[in-house]
Amino acid sequence: MVSGVLWAQVKARSAADQKSREAQARAQELAVLNRTGAATAAELELERVVQMVTDAGVELTGAQFGAFFYNVVDDKGATYTLYTLSGVGREAFSRFPMPRPTAVFHPTFSGEGIIRSDDILQDPRYGQNKPYTGMPEGHLPVRSYLAVPVTSRSGEVLGGLFFGHAEPGLFKPEHESLLVGIAGHAAIAIDNARLFQDAQRELEERRRAEEGLRESEERLRLALKAGKLGIWELDLASHRRLLSSRSAEILGLPADELLDREAWQAAIHPDDRERLNSAFQAALHGKAPYRADFRILAKDGGVRWVSSQAIVHRNENNAPQRVVGIHQDITDRKRWEDHQQLLINELNHRVKNTLATVQSIVGQTLRNAGTLDEARVAFEARLFALSRAHDVLTRENWEGANLREIVAEAVAPYSNAREDRLHLDGPDVRLPPRMALALAMALQELATNAVKYGALSNEAGEVRIQWALDRTKVPPCLHLRWQEGGGPPVKVPTRRGFGTRLIERSLALDLDGDVQIDFAPGGVVCTVDAPLSPADPQPAAPP
C-alpha cells in the first residue's frame, strides 16, 4: 500500500517536472521568437536581419547549422544565392555550387511548403540529379533536414531557411511551427529592409541628380557669364515672359518694360520687326530653328544689334508650350563687319584705280618713249613712285598720309648725303589717300625731268619744294611750289610729254584744283593749289 502511494507520488512528480521542462522550453521559444521579432523589426540592414533569423532558427530547432538562400531570378531561370550561415563557416560551402531547383529544393523556393526529413539520405527525392547521385564528398554531414520558404506580403518567395543536423530524426513537427513564425518575422524584416534600401538608393540617386543639376547650372552660369549671354523665356499659354537682368542690359531697356508684347514689338527696329516675327512663327510651327539677328531701339536713343537663339519645348502632341532662348550683344561685331565690308569696297576701288593708273602709265610711256629700253626705265621709275606712295599710305592704314613724308619719299632716290641740293620746307599736313597718290606721281615726274634736263642734271643745280596751308579759305587750301635753279638754261618743249600731261591734267583733275608748270629760263616752276575737302582728314595745326 505504501509502495503504491510512493510510486504514484513519483509519477506525479515526474509528470510535473516534465510539464515544468516543457513550460520552460515553451517560454524559451517564445523568448527567442519575441527577441527575434523585436530585433528584426528594429533592424533595416538586410544582411543583419537575415543573420538574426538564421541564428534564431538554429537556436529554436537545435540544428547544427542553418543557412538562408536568397531567391534570385536570372535569364536562365531561378538561381539561389547563399546569404547567411549559422553554426558553420562559409568555407564549408565554398567548394560547392549553389542549390538548383531540384526535387528537394524546388518546393521551398517555389513557396509550396515546408520540407522536413528525418534522414535526407533515405529520402527518395534526394540524390537524383546528375552529376550528383548522393552526398558530395566533403559536404556537411546532413541527416536531419528542415527547410521553410520565406514569403513576402505580396506573395513573392524571397528565399528559404534551411537547417541540418548530423543525427537523424532530430526535427519535430513543433519545429515546423516555430520556423513558420521565424520565417514570418524574416519576410517582414526583409521587406522593410528592401524598402529601406530602395529609399536609400532613391535618395542617393536624387542627391546625385540634384548635385548634377547644381553642377550643370553652375556650368551654365559660367558659360553665360563668359559668353556675356542673357536668358529669356516665354510661356505660350499664359503669355508670361521672363527676362534675365543680363538680357535687359543687352537690350538697353528695363526688364519690366519688355514683359509686355506691345512694348517688346515697339523696341524692335521697324525694318527688322516683320523678319523677326516671321522667324519666330516658323520656329513655333517647326519649320526652322529660331535664330535671328535684329536691331533694338535702346532707351539711351542708340541702336543695338542683338543675336537671339531659342528652343521650342513641345507637349506629347507636339504642340509648342514654352520657348527658352538667349540674347547676345553683337553690336561690336556688326560694326566690325560693316567696317570690314567698307574696307573690302575701298580695296576694290583702290585696286581698280591702281590698275587704271598702271594702264595709263603703260600706254603713255610706250607712246612717248623712243626705244624699249627707255620705255622700260621710265615705266619702272613710275611704278616705283607709285609703290612708295602706297607704302606710306599702308603704314597709315590708308586713312591718310603726311605731306612731308610723301615729298621725302618721292625725291629720296635723287638725294645724296654729301650734297645739299634738295630743300623741303612746309608744315605738317595730312592728305587723303587720293591726293597723296596724285602728288606722289606728279613729284616723281618732276624729279625725273629734273634729273634728265633740269637742275639735277648737273652738279650745281638745286630744287626747292615748299608748301603751306591757307586756313582762311573754306575748305582750307593747300599751296605747293616746286622750283628748280642752278641747272642748265630751260627751253620750252615743243611737245608736251606724258609727264607734263600727267602733272597738268591728271593731277589737277585728281586734286580738283589748279596746276601750273612754268618753263622759266632759270628753272622749271610747278605750282599746285588744291582744296582739302571736308571729307578729307583734317590737316594738322601748324606748330
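Residues numbered from 1 in each chain as written. Predicted model: local features only at pLDDT ≥ 70, side-chain atom pairs only at ≥ 80, totals over all residues. Heavy atoms only, no water.

**Student:** Honestly, the environment of Leu511 in this entry has me stumped. Any pointers?
**Tutor:** The topology assignment puts Leu511 in helix α13 (residues 498–511). Residue Leu511 is classed as buried on the basis of its relative accessible area, which comes to 2%. When the C-alpha atoms of Leu511 and Leu532 are compared, they prove to be 8.7 Å apart, with 21 residues separating the residues in sequence. Leaving out residues up to four positions away in the same chain, Leu511 has contacts with Arg434, Met435, Ala438, Leu439, Val528, Ala530 and Pro531. (Helix = DSSP H or I, 4+ residues; strand = E, 2+ residues; numbered from the N terminus. Buried < 20%, exposed > 50% of the residue type's maximum accessible area, 1.4 Å probe, protein only. Contact = heavy atoms within 4.5 Å.)

**Student:** Got a minute to help me understand the sheet that holds strand β14 (residues 462–470) in this structure?
**Tutor:** Each strand in a sheet pairs with another by means of backbone hydrogen bonds, the pair being arranged parallel or else antiparallel. Overall, mixed pairing links the five strands, which are arranged β12-β14-β15-β17-β16 in an open sheet. Across the chains shown, the open sheet's two edge strands, defined by having one partner strand only, are β12 (422–425) and β16 (514–520). Across the sheet, the mean angle from the axis of one strand to that of its neighbour is 10 degrees, orientation sign disregarded. In this structure, strand β15 (residues 477–485) lies alongside strand β17 (residues 523–531), joined through seven bridges in antiparallel fashion. From the neighbouring strand, His479 faces β17, where its bridge partner is Asp529. (Pairing = 2+ DSSP bridges. Axes fitted to C-alpha atoms, helices over the stretch in contact; angles between N-to-C directions.)

**Student:** Before we go on, may I ask you to explain the pairing of strand β6 (residues 229–235) in this structure?
**Tutor:** Two faces make up the sheet, and in a regular strand the side chains alternate between them. Where β6 meets strand β10 (residues 320–329), seven bridges bridge the pair, whose relative direction is antiparallel. Counted as the bridge partner of Asp235 is Arg322 from β10. Pairing of β6 with strand β7 (residues 240–243) involves four bridges; the strand directions are antiparallel. What sits directly across from Leu234, in β7, is Arg241.

**Student:** How should the packing of aromatic side chains be read in this particular structure?
**Tutor:** For any pair of aromatic rings, the description rests on two quantities: the centre-to-centre distance and the angle between the ring planes. For the coordinates displayed, the defined rule picks out six aromatic pairs. Relative to Phe162, the ring of Tyr145 has its centre 6.4 Å away and its plane inclined at 45 degrees; by these criteria the two rings are tilted. You can see Tyr145 sitting in strand β4 (residues 144–151) and its partner Phe162 sitting in strand β5 (residues 157–165), a full 17 residues away along the chain. For Phe162, a relative accessible area of 7% puts it in the buried group. Here a set of aromatic residues connected by ring pairs shows up, and it is made of Phe69, Phe105, Tyr145 and Phe162. Over the ring of Trp305 we find Lys334, and its NZ or CZ is 4.6 Å from the ring centre. (Phe/Tyr/Trp six-rings, centres within 6.5 Å; stacked < 30°, edge-to-face > 60°. Lys NZ or Arg CZ within 6 Å of the ring centre and 35° of its normal.)

**Student:** Is there a simple way to think about the sheet that holds β7 in this case?
**Tutor:** With respect to topology, five strands assemble into an open sheet ordered β7-β6-β10-β9-β8, the strand pairing being antiparallel. If you trace the sheet from one side to the other, it starts and ends with β7 and β8 (290–297), each paired once. Across the sheet, the axes of successive neighbouring strands diverge by a mean angle of 25 degrees, strand direction being ignored. Here β8 pairs with strand β9 (residues 303–314) via eight bridges, running antiparallel. Paired with Leu297 across the strands is Val303, a residue of β9.

**Student:** Just checking my understanding: could you explain helix α2 (residues 46–61) for this structure?
**Tutor:** In this model, α2 (16 residues) spans 23 Å end to end at C-alpha, consistent with the 22 Å of a helix rising 1.5 Å per residue. For α2, the complete set of buried residues consists of Leu46, Val49, Val50, Val53, Thr54, Ala56, Gly57, Val58, Leu60 and Thr61. Just downstream of α2, Gly62 is the residue with a positive phi angle, here 75 degrees. (Expected span 1.5 Å × (residues − 1).)

**Student:** Just to check I follow, could you spell out the pairing of β10 for this structure?
**Tutor:** Of the pairings in the sheet, the one linking β9 to β10 comprises nine bridges and is antiparallel in character. Counterpart to Ser307 in the pairing with β10 is Gln328.

**Student:** Would you take a moment to explain the environment of Gly169 for this structure?
**Tutor:** One can find Gly169 in the loop between β5 and α5 (173–226). Assessed through its relative accessible area of 26%, Gly169 is described here as partly exposed. Taking the C-alpha atoms as reference points, Gly169 and Ser144, separated by 25 residues in sequence, lie 5.8 Å from one another. Contact partners of Gly169, with chain neighbours within four places excluded, come to Asp118 and Ser144.

**Student:** Can you help me understand unusual backbone geometry in this one?
**Tutor:** Trans is the prevailing form of peptide bonds, just as negative phi is the prevailing case for residues other than glycine. The linkage connecting Val474 with the following residue, Pro475, adopts the cis geometry, with an omega of 0 degrees. One non-glycine residue, His239, lies in the positive phi region at around 60 degrees. Looking at where His239 falls in the secondary structure, it is placed in the loop between β6 and β7. Since its relative accessible area comes to 60%, His239 is described here as exposed. With phi around 70 degrees, Asn318 is a residue other than glycine that occupies positive phi space. The topology assignment puts Asn318 in the loop between β9 and β10.

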